[in-house]
Amino acid sequence: MIALAPDMPNASTTRTSMPVAVHVLGLSVFALGTSEFMLSGLLQPIARDMGVSIPQAGLLVSAFAIGMVVGAPLLAAATLRLPRRTTLVVLLAVFGLGQVAGALAPTYGVLFASRVVSALACAGFWAVGAAVAVSLVPVDARARAMAIMIGGLSIANIAGVPAGALLGQHAGWRAAFWAVAALSAVGLAGVLALVPATKPTTGEDAPRLRAELRIYRDRQVWLALVTTALNAAAVFCLFSYLAPLLTETAGLEESWVPTVLALFGVGALIGATIGGRVADAHLFGTMYGGIGASAVVLAALALTADMAVVAVGLALLLGVAAFMTAPALNARMFNLANAAPTLAGATTTAAFNIGNTIGPWLGGLVIAAGWGYPAVAWLGALLAALAVGTTAVASRLHRGPSRVVAGSAGAAVRTPSQVG
């Protein structure tokens with residue numbers, strides 16, 4: 001049994017290798033990510049089967065995101081002193097059961113509730129899993145470790161989401177939920193077999209919720225939260241309605257949707273790989289580049305949404321831009337909240353999913369107002385531009401003194417070179 005600490009990685013970790021446990025966590029995230037994002041390719045069959053509108057079906061995306069927002073901090077606090085591997089196993093089991101409930105849901109309300117329950121478990125897994133991942137590597141490899149976990153989301157978009165769309169078209173949308181339940185069982189087995197067993201620290205080293213909550217006294221933490229939320233809202237405002245945009249505005253056949261979603265996933269994997277390689281050395285540069293590129297791509301998509309070939313290419317580029325930023329945003333929060341890794345992971349998870357909640361909701365309002373799917377892309381571009389602005393503010397403050405919590409026993413002032 002070993003206890004994991006955020007700044008005491010295994011001595012065998014090097015710049016060129018990652019502990020196998022980090023890869024296992026990325027594999028588990030593949031199942032979580034498939035469930036989280038697959039509804040983008042299932043909105044139309046779900047809406048038809050449940051007798052609801054496309055915007056109402058889109059609220060299922062927001063339901064999952066709401067569960068993530070609520071679940072991340074609550075479960076992080078509740079499991080703070082529990083063994084991390086045990087926590088991960090329980091959360092994966094609950095997540096799998098949530099998928100089964102979704103597959104069997106007789107009504108829209110039951111399906112909505114199953115998404116919230118699954119999201120609560122998913123949020124807890126992300127918060128604890130991210131803390132485990134960064135605890136196994138040196139500080140200057142945190143973005144790379146997070147890129148591997150985020151890579152699970154990317155592969156979910158390449159393989160899991162298109163496969164879910166295909167299942168929805170040929171075997172019914174419920175088959176996609178059964179498939180994710182099976183994937184979660186595989187992830188659970190991997191965690192049991194390969195993630196190091198841990199035991200809670202005791203005495204003076206034991207984590208204390210009140211001490212970890214001190215991270216929220218730092219304005220940089222709040223700026224990082226807002227930036228992450230705006231970036232996520234910008235991307236998922238459009239991504240949640242990408243399938244109907246492609247079919248109703250660009251004129252593609254519905255059978256093309258899985259292919260385009262796979263291209264988005266390919267872009268996401270490319271972006272996460274690039275971000276993981278450069279963010280540790282160029283954190284703010286990666287944030288500026290990724291968020292700014294998302295704004296440009298979304299604006300271009302708004303202008304060319306009726307051109308099928310261009311829209312498909314821009315979907316690929318949006319995946320690159322959006323996921324290139326993710327490792328940097330995660331690493332930024334862990335660097336700011338170094339003494340509270342579980343809450344740092346929970347805060348980042350909540351921030352991403354605040355954006356995932358607001359984005360589809362705002363996009364649904366735009367559609368319901370009759371402004372069309374290109375207007376959703378314009379809204380995404382505006383949100384991304386706002387995220388560039390908050391990044392600029394954070395970068396300016398970064399040059400001054402920081403009030404980041406450096407130890408669980410209290411706060412300490414850290415120099416700019418030590419933070420982010």
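Above this text sits the structure in question.
Described in the following lines is the structure provided in the data block.

Thresholds, definitions, all that
Just so you know, the residues in each chain are numbered from 1, in the order the chain's sequence is written. Since the coordinates come from a predicted model, pLDDT governs what is reported: local features require at least 70, and pairs of side-chain atoms require 80 or more to be given and counted, while whole-chain, interface and lining totals use all residues. To get the side-chain values, take all heavy atoms of the structure and skip hydrogens and water. Distance thresholds for patches are 9 Å for like charges and 5 Å for nonpolar side chains (Val, Leu, Ile, Met, Phe, Trp, Tyr), applied to residues having over 30% relative accessible area and no salt bridge. Per-residue accessibility takes into account occlusion by the displayed protein chains alone, with areas from the Shrake-Rupley method and a 1.4 Å probe. When a carboxyl oxygen of Asp or Glu lies within 4 Å of a side-chain nitrogen of Lys or Arg, that pair is called a salt bridge. Numbering of helices and strands runs from the N terminus; a helix is a DSSP stretch of H or I covering at least four residues, while a strand is a stretch of E covering at least two. Buried residues are those whose accessible area, probed at 1.4 Å on protein chains only, stays under 20% of the maximum for their type, while exposed residues exceed 50% and partly exposed ones sit between those limits. Any two rings among Phe, Tyr and Trp, with Trp reduced to its six-membered ring, count as a pair given centres within 6.5 Å; such a pair is stacked if its planes are under 30 degrees apart, edge-to-face if over 60, and tilted if neither. Each nonpolar core is a collection of buried residues, namely Ala, Val, Leu, Ile, Met, Phe, Trp, Tyr and Cys, held together in the definition by side-chain atoms within 4.5 Å. Should any heavy atoms of two residues lie within 4.5 Å, those residues are counted as being in contact. Each axis is a line fitted through C-alpha atoms, and for a helix only the stretch in contact is used; angles between axes span 0 to 180 degrees, taken between their N-to-C directions. If an angle is under 35 degrees, it is roughly parallel; if it is over 145, roughly antiparallel; if it lies from 65 to 115, roughly perpendicular; otherwise it is oblique. Working rule for handedness: look at the near helix, and if it is turned counterclockwise from the far one by less than a right angle, call the crossing left-handed; if clockwise, right-handed. Any residue that is not Ala, Val, Leu, Ile, Met, Phe, Trp, Tyr, Cys, Pro, Asp, Glu, Lys or Arg is counted as polar, Gly included; the first ten are nonpolar and the last four charged. With a 1 Å grid laid over protein atoms only, a set of points is called a cavity when a 1.4 Å probe fits there but cannot get out and a pocket when it is open yet has protein on both sides within 12 Å along at least five of seven lines; lining residues have an atom within 4 Å of a point. Grid points are joined across faces, edges and corners, and a volume is the space filled by probe spheres set on the points. Under the rule applied, a polar contact is a pair of N or O atoms within 3.5 Å (in protein, one hydrogen donor and one hydrogen acceptor; residues adjacent in sequence only if both atoms are side-chain atoms). Here the expected span of a helix is defined as 1.5 Å times the quantity of residues minus one.

**Observations regarding a nonpolar patch on the surface**
- A grouping of L59, I358, W361 and L365 is seen on the molecular surface, where their side chains present a nonpolar patch of about 360 Å² in accessible area.
- Counting residues per element, the nonpolar patch draws most heavily on helix α14 (residues 341-368), which supplies 3 residues.
- Residue placement: L365 occurs in helix α14.
- The class for L365 is partly exposed, based on a relative accessible area of 43%.

**Focus: the environment of V278**
- In this structure, V278 sits in helix α11 (residues 257-278).
- When the C-alpha positions of V278 and A328 are compared, they lie 8.7 Å apart, and in sequence the two are 50 residues distant.

**A look at the packing of aromatic side chains**
- Evaluated as defined, the whole model comprises 5 aromatic pairs.
- When the ring of W173 is compared with that of F177, the centres are 5.5 Å apart and the planes differ by 80 degrees; the resulting orientation is edge-to-face. One end of the pair, W173, and the other, F177, are both in helix α7 (residues 173-194), 4 residues apart, so they sit about a helical turn from each other.
- In this structure W173 comes out as buried when scored by relative accessible area, which is 3%.
- Their ring planes at 80 degrees and their centres at 6.2 Å tell us that F264 and F323 sit as a pair that is edge-to-face. You can see F264 sitting in helix α11 and its partner F323 sitting in helix α13 (residues 308-336), a full 59 residues away along the chain.
- F323 sits in the buried class, given a relative accessible area of 5%.
- Among the aromatic residues, those joined into a cluster by ring pairs are F236, F239, F264 and F323.

**Points about the nonpolar core**
- Residues F125, W126 and L238 are the most contacted members of the largest nonpolar core, which totals 126 residues.
- Broken down by element, this core gets its largest block of residues, 14 residues, from helix α5 (residues 108-135).
- With sequence-adjacent residues up to four places away left out, F125 is seen in contact with L25, S28, V29, L32, L88, L91, L92, A130 and V191.
- Judged by nonpolar contacts, the second largest core, of 6 residues, contains A224, M333, L336 and A351.

**With respect to the packing of helix α9 (residues 219-239) against helix α12 (residues 283-304)**
- Relative orientation of the contacting elements α9 and α12 amounts to 30 degrees, with a least axis distance of 11 Å. In this view, α9 runs roughly parallel relative to α12, as classed from their interaxial angle. In terms of crossing hand, the pair formed by α9 and α12 is left-handed. Residues T227, N231, A234, V235 and L238 of α9 lie in contact with α12, whose contacting residues are M287, I291, S294, L298 and L301.
- Across the contact of α9 with α12, the residue classes break down as 7 nonpolar, 3 polar and no charged.

**A short note on empty space enclosed by the protein**
- Counting across every chain of the model gives 5 cavities of 30 Å³ or more.
- Space inside the largest cavity adds up to approximately 290 Å³.
- The set of elements that each furnish at least two residues to the lining of the largest cavity consists of α1 (20-37), α5, α6 (142-170), α9, α13 and α14.
- Sorting elements by how many residues they give to the lining of the largest cavity places α14 first, with 6 residues.
- Here the lining of the largest cavity is composed, by residue class, of 14 nonpolar, 7 polar and 1 charged.
- In this structure, the second largest cavity encloses a volume near 90 Å³.
- Taken together, E36, F37, S40, V61, F64, A65, F236, F239, S240, N353 and N356 make up the lining of the second largest cavity.

**Here's the deal with helix α10 (residues 242-249)**
- With respect to burial, α10 is a largely interior element, 6 of its 8 residues being buried.
- Downstream of α10 by one or two residues, G251 has phi in the positive range, about 85 degrees.

**So, the side chain of T390**
- Along the chain, the position of T390 falls in helix α15 (residues 373-398).
- Using a relative accessible area of 15% as the deciding quantity, one classes T390 as buried.
- For T390, the side chain forms a polar contact with the main-chain oxygen of A387, separated by 2.9 Å.
- Look past the residues within four positions of T390 in its chain and what remains in contact with it is L223, V226, T227 and L230.

**Thoughts on α13**
- Over its 29 residues, α13 extends 43 Å from the first C-alpha to the last, a length consistent with the 42 Å expected when each residue adds 1.5 Å.
- With respect to burial, α13 is a largely interior element, 23 of its 29 residues being buried.

**Here's the deal with the environment of G124**
- Relative to the helices and strands, G124 resides in helix α5.
- Remark: the alpha-carbon pair of G124 and A78, spanning 46 residues in sequence, is separated by 9.7 Å.
- Setting aside chain neighbours within four positions, we find G124 in contact with L75 and L91.

**Description of the pattern of salt bridges**
- Evaluation of the coordinates by the stated rule reveals 1 salt bridge.
- With its nearest N and O atoms 3.6 Å apart, the salt bridge here joins R174 to D49. Residue R174 is located in helix α7, and its partner D49 is located in helix α2 (residues 43-50); the two are separated by 125 residues in the primary sequence.

Remember, this is a structural readout, not a statement about activity or role.
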